[in-house]
Amino acid sequence: MSRLPARNYLPERLLLLAFILAAGTVSFFHEFWRDELQAWMIVSDSHTLAGLFSHTRYEGHPSLWFLILYGLKQFAPGLMAMKVLHLAMAALTAWLVLRYSPFTRMQRGLLIFGYFFLFEYTVIVRNYGLGLLLLTTACTLFPGRRSPRVFLFLSLAIAGMMLSNVYAFFLGAAFLVILGLEELSRKHRFDRRRLSGYALMVAAVVLFVTDTLPPADYGYAQTWRTGFSFRQVEELFARAGYVFFPVPSPEYHFWNTVFYPKIWLQAAVGLAMLVYLVVGFPRKRLSQAFIVLFILVWLVFSYVKFPGYFRHNGHLFLAFLAMAWIEPSLPGKRWPAFRGSRHLFNFILAVQVVAAAMACVMEIVRPFSRAQETAEWIDRNRPGSLVVVHEDTGGSAV
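Worth saying up front: this structure is predicted, and the values here are computed from it rather than measured.

Trainee: What is the right way to read the packing of helix H9 (residues 148-162) against helix H11 (residues 195-212) from this model?
Mentor: One can describe the packing of H9 onto H11 by two numbers: an axis separation of 8 Å at closest approach and a directional angle of 5°. Relative to H11, the element H9 lies roughly parallel. Contact residues: H9 offers Phe-151, Leu-152, Ser-155, Leu-156, Ile-158, Ala-159 and Met-162, while H11 offers Ser-196, Gly-197, Tyr-198, Leu-200, Met-201, Ala-204, Val-205 and Phe-208.

What follows is the structure in structure tokens.
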């Protein structure tokens, strides 16, 4: 792991303090919505670990986040505790980026104040924030993987990433494949002390599969879309476009919107970005294999199973960052840099900051969810009444 000289820590600490203040302020104004409350409701209604695993069978995600909340409930049984825990994880993520990432100081600052790091995976309390923390942890440990001890901790981070959410699993699987390819390319004998690390990652794959297999009566995202549809392909590339330039539309319900609504424009941007990620940005063969592997899995999963929203498809942006982070420590000859690559990278980060600023301002001035307000009105005006709702999107939160 490369560290900054001690004399340079003050700017990073100031940036971290600014991040905590900004994230804490916006989080204070954030109203929980259905998916955030869903995790806490499951934990609150689970009085044993067996009951917890029984309830999470229908979630479509592995259970690590629910296990953490279950442990948190034993000491701090309240929604505010969940929000504080999530902010603490986000602060640690920001510090890992500021202290250990190979980017310039300006790029580090832009990154932590970007849309996904400041808003989507920090203010909104979901298991995606946990996956991001473990991803940055894995990237931090990756340069020291030659040490058996560091490799074991790296394996733990990757295994935890796989058990955080479905898209973090894709990232963790890409890490596992890259580590395996690097192992096969070495000319010296395999170090048996690394075997426990590989066993941990393979065990995480098995746990993920057994934990996320839906029961027979599962009713969400059941269909598999195998036929060709030009519109579906266009929407797929569009999702690749807006995750890099996620500036929201300045409307009342701004979340999961972009200011350039023409889908053909989003698709054109997305296709260009995918080409850039594969042939324009990588400078080593293994880093190219990493991003190609993730993109292929993401494309197939998004097309045939679940198209996803910003919180899901944002992992394409995270894969891009992970590739840029670990590439300097990968073996192999570096290719010449794509002309303008650094300027494009800075532009993407700057646009992400603009998107984060707009999202945070609209979060503060507009209610993100009216579930709490509705529940309080019912308690005041219709205490003890039977509540009937039309859709579970808002109804379960109320």
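Still more to cover.
Trainee: Explanation requested: empty space enclosed by the protein in the structure shown.
Mentor: Under the criterion given, the structure shown has three cavities of 30 Å³ or more. What the largest cavity holds in volume is close to 80 Å³. Around the largest cavity sit Val-97, Phe-103, Leu-111, Phe-117, Leu-132, Leu-135, Thr-136, Cys-139, Leu-318, Leu-321, Ala-322 and Trp-325, which together line it. Only helix H8 (127-141) and helix H15 (310-326) provide two or more residues apiece to the lining of the largest cavity. Considered class by class, the residues forming the lining of the largest cavity number eleven nonpolar, one polar and no charged. What lines the second largest cavity is simply Phe-19, His-86, Met-89, Ala-90, Thr-93, Phe-117, Tyr-121, Thr-122, Gly-129 and Leu-132. Listed by contribution, the elements that provide at least two residues to the lining of the second largest cavity are helix H5 (79-100) and H8. Of the residues forming the lining of the second largest cavity, the biggest block, four residues, is contributed by H5.

Trainee: Would you explain the confidence of the model for the chain in this entry?
Mentor: The predicted coordinates ought not to be read in detail in places where the model reports low pLDDT. The share of residues in the chain with pLDDT of 70 or more is 93%, and the mean pLDDT across the chain is 90. Considering each helix and strand of the chain separately, the mean pLDDT is smallest for helix H18 (residues 392-395), with a value of 61, and largest for H8, with 98.

Trainee: What is the right way to look at helix H1 (residues 9-29) in this model?
Mentor: Look at H1: 31 Å from first C-alpha to last across 21 residues, which is about the 30 Å you get at 1.5 Å a residue. Here H1 has its buried residues at Tyr-9, Glu-12, Leu-16, Phe-19, Ala-23, Val-26 and Ser-27. Along the axis of H1, the buried positions cluster into a sector of 130°, meaning they face one direction only. Exposed and oriented more than 90 degrees from the buried face of H1 are Leu-10, Leu-14, Leu-21 and Phe-28.

Trainee: Sorry, what's going on with the nonpolar core here?
Mentor: Across soluble globular proteins, nonpolar side chains show a tendency to be buried alongside one another. Phe-119, Phe-175, Phe-244, Leu-316, Phe-317 and Phe-320 are the most contacted members of the largest nonpolar core, which has 123 residues in total. Per-element accounting of this core gives the leading share, twelve residues, to H15. Not counting residues up to four positions away in its chain, the partners in contact with Phe-119 are Gly-114, Ile-124, Phe-254, Trp-255, Ala-359, Cys-360, Glu-363 and Phe-368.

Trainee: Which parts of the structure should I look at to understand H15?
Mentor: Residue pairs spaced three or four apart in an α-helix point in one direction, given the helix's 3.6 residues per turn. End to end, H15 covers 24 Å across 17 residues, agreeing with the expected 24 Å (1.5 Å per residue, within 8%). Burial analysis of H15 places 17 of its 17 residues in the buried class, which makes it a mostly covered element.

Basis of the calculations
- Residues numbered from 1 in each chain as written.
- Predicted model: local features only at pLDDT ≥ 70, side-chain atom pairs only at ≥ 80, totals over all residues.
- Heavy atoms only, no water.
- Axes fitted to C-alpha atoms, helices over the stretch in contact; angles between N-to-C directions.
- Helix = DSSP H or I, 4+ residues; strand = E, 2+ residues; numbered from the N terminus.
- Parallel < 35°, antiparallel > 145°, perpendicular 65-115°, else oblique.
- Contact = heavy atoms within 4.5 Å.
- 1 Å grid on protein atoms, 1.4 Å probe; cavity = no way out; pocket = protein on both sides within 12 Å on 5 of 7 lines; lining within 4 Å.
- Points joined across faces, edges and corners; volume = space filled by probe spheres on them.
- Nonpolar A, V, L, I, M, F, W, Y, C, P; charged D, E, K, R; others polar.
- pLDDT = per-residue confidence, 0-100.
- Expected span 1.5 Å × (residues − 1).
- Buried < 20%, exposed > 50% of the residue type's maximum accessible area, 1.4 Å probe, protein only.
- Arc of directions from axis to C-beta.
- Core = buried A, V, L, I, M, F, W, Y, C linked by side-chain atoms within 4.5 Å.

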